[in-house]
Structure formats: C-alpha cells, structure tokens
Amino acid sequence: KTSLDDKESSGINAEYGLGEVVYYASLLQPELQVSLLSEVLADVDEEERGGCVEAALALSIPIDEVTMRIYESIVSQHVPSNSDLVSVANISDTDARVVAAVSWLLLTPSQRSDALIQGNRLIRRFLGARKHTPACAVFEMIPADTIETIQKQWGEETPAKVGNAVREYLCLRAYLDTHQAYNDWCSHSANRPTTPTFEGGEGGTFSEQVAVEEKKKSHELAMQRWEQHLIVQTQLTRDKMLNVLLFIDGGWMIDEVDTGDVERREQLESLRRVCIPSTTFLLVNVLTESGQDAAVVELADYLASEQYQLYTLFTKEELRKFLVRVYESSIRCGCDPLGFNEPVAEEQPTEEN
C-alpha cells in the first residue's frame, strides 16, 4: 500500500502523537515514508511543523521530499484563476492557500532553492493573470537571506537551474518594486495640498491680516515640500521602471543559461509580453504628467534599439498607441514628429544684400 485515504490518515494522527507517527514512518521504506508523512503532516499547525521536521531529520527521513509533496498537493488542488480576485487590495481564499503553501518549503535551509524556484513560478502565474497582490504576498514569503543561503549552499557549483532562479528572483523584485513606486507616485500626486480660503485680509483687523499672511506662508511651505517630494518620487519611479526595461545582462526575465526547458522559456517570454508594454505605458504616464516630454521621446530610442529589442514584445496596436504618445510629446517639446529638434530657419537675404 503506497498511500492513505483521508480517514486512515486522520485516524493515525488522532490515535498517536506526531512524534510517534514520525518514528513509525522511519520504519517504512523511503517511498512509504514520504507518502505517509505527506498525508499526515499536511494538516499540522504551523507552530508544530518545526518539531516534526527536526524529528524526521534525526531519523534520516527525506523530509524535503515530504514537504515538496505537501506543497505540490496544495497548489494542484487550488489552481488560481482570474475570477478568484475579489478586489485589487485583497486576496481570494484560493490564492491565499496557494501563497501559504510556500511556507512548507521554508522549514529547512537545504530546501531554500526549491522555495525560490516554486515561489518564482507562483509569482509568474499571478503576474500573468495580472494579480499583483497575491504575487507580492508570495514574494514576501521568500526570506530576505535566500540568495545568501543558496550561495553558501552551492558555492561556485550552483546548478544552472538554481542560478536562473536567482536571476529571475531579482527580475521579479525589480518589477514589483516598480509597481510599488508607481503606486506611491500616484498617491503623492493625488494628495496635493488644497488651497485654503483667505478671509479677513484687506479691510480686516490687523490681527486678521496677520493670520491670513501666516496661512499663506504655511500653504506655500506645504506646496514647496509637496513639489520637492514629487520630484524625488518621480525620479525614483522613472529609474525603477527603466531598470526593468533595460535590465542588465540580456534583459528582464531572460535566463542567464539556457537549460533547454522549452515550457519555462515560453512562460518567461509570455510574461515579458505582458509586463514590458505595461511598464512602458506607466512610465509614459509618469513622464507626461511630470512635464518630461523629452524623456518620452528618448524612450522611443530604447524601444527601437536592437540591443534590447523591446519593440518585439509589443503588439501592433500597442506600438501604435505608444507612437501616438511619442508624437504628442514631441510636439510639446518642440521636436518634429520623429523626435528631432526642429531646424532653425535660415535668415533670408534682403535685397540690399
């Protein structure tokens, strides 16, 4: 017998303590160990998992295989779909279970590579469905020291699959940082200080006139602080977006080493076709609203560059919309429709000359 039904699994868990179950599993063949514990431990509370893992490791049970099987079971049973998103700011129950499943891969340092690979895969799936909130939730599940832990584990012999996962993690972090910066920019732009009413100025008493002047000065200082912060936030948002569009060493979401995984290559390419155009249009909005029309025109050079080949990721309709925005910016900043500065008209000679 290689597996237990739910009734048998719950019966074993109820009749014996977790330590006894782990010890019993250690007496079985390795495959039966994994099968039994993956079903029994799946319902264990998070605070009890550490003790189970320590007991399993002490008894030489392949606990990493157990936790991976639990993770895969949860994810396969709760496949997220576009309809699962209840709102922009919330996560559906289905997505929340999938996000929480990552915690099973964080119980031992030896499984950190698996946690990174599977976490990246989930983030890709959520971003592909344009579900940024659960994607961010998965990213936050990955410990900040993950890359350092992996480097210590593998050293210079890091497998190509793991090395690609590390690069992918950095790409995803850059993209999620971009959206956070854009949200912060939108929030600050919308919170422009309101102009107060100045009653009691001319014709009022001396004290009323002084109060009005103080109110004006206070408003001017608030506006100066708001404008300075907006300049800083605009530059930060612009830099983060360009960091995604012009990602180093080959481009955003492009593996450093081709492992021959066709399905993965197609998934990465599909995500590039979703995220690169959307990031570009967000950047155009930021630059346009900030009066940086020349930077919008310059952005067209990046898209047309053969070094980055970003234009290949746009549909014809997306390219048309982008070129319309570039045309509008070029007119506003005094360039011709192609983005070149308008030539200064030569002075015509007079009859006297």
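Above this text you will find the structure in question.
Those residues of helix α6 (residues 93-101) that sit buried are D95, V98, V99 and A101. Taken end-on, α6 shows its buried residues confined to a sector of 155°, consistent with a single buried face. Among the structural elements, α5 (63-77), α7 (112-128) and α8 (132-141) are those in contact with the buried residues of α6.

Take the environment of L319 next. By secondary structure assignment, the location of L319 is in helix α14 (residues 316-332). Sequence-wise, L319 and L303 are 16 residues apart; in three dimensions their C-alpha atoms are separated by 9.6 Å. Apart from the residues within four sequence positions on either side, L319 is in contact with Y311 and F314.

Moving on, we come to unusual backbone geometry. If you check the backbone angles, S60 has positive phi at about 60° while not being a glycine. Overall, S60 belongs to the exposed group, its relative accessible area being 65%. Phi is positive for R130, which is not a glycine, with a value near 60°. On the basis of relative accessibility, which here comes to 56%, the residue R130 falls in the exposed class.

Looking now at the side chain of R112. Along the chain, the position of R112 falls in helix α7. The residues touching R112, leaving out its near neighbours within four places in the chain, are L106, P143, D145, T146, T149 and I150.

Here the focus is the nonpolar core. Among the nonpolar cores identified, the biggest contains 84 residues, and L41 and W252 are the most heavily contacted of them. What W252 contacts, discounting residues up to four positions off in sequence, is C171, L172, Y175, V244, F247, L271, R272, C275 and I276.

What counts, and where the lines are drawn
Residues numbered from 1 in each chain as written. Predicted model: local features only at pLDDT ≥ 70, side-chain atom pairs only at ≥ 80, totals over all residues. Heavy atoms only, no water. Buried < 20%, exposed > 50% of the residue type's maximum accessible area, 1.4 Å probe, protein only. Helix = DSSP H or I, 4+ residues; strand = E, 2+ residues; numbered from the N terminus. Arc of directions from axis to C-beta. Contact = heavy atoms within 4.5 Å. Core = buried A, V, L, I, M, F, W, Y, C linked by side-chain atoms within 4.5 Å.

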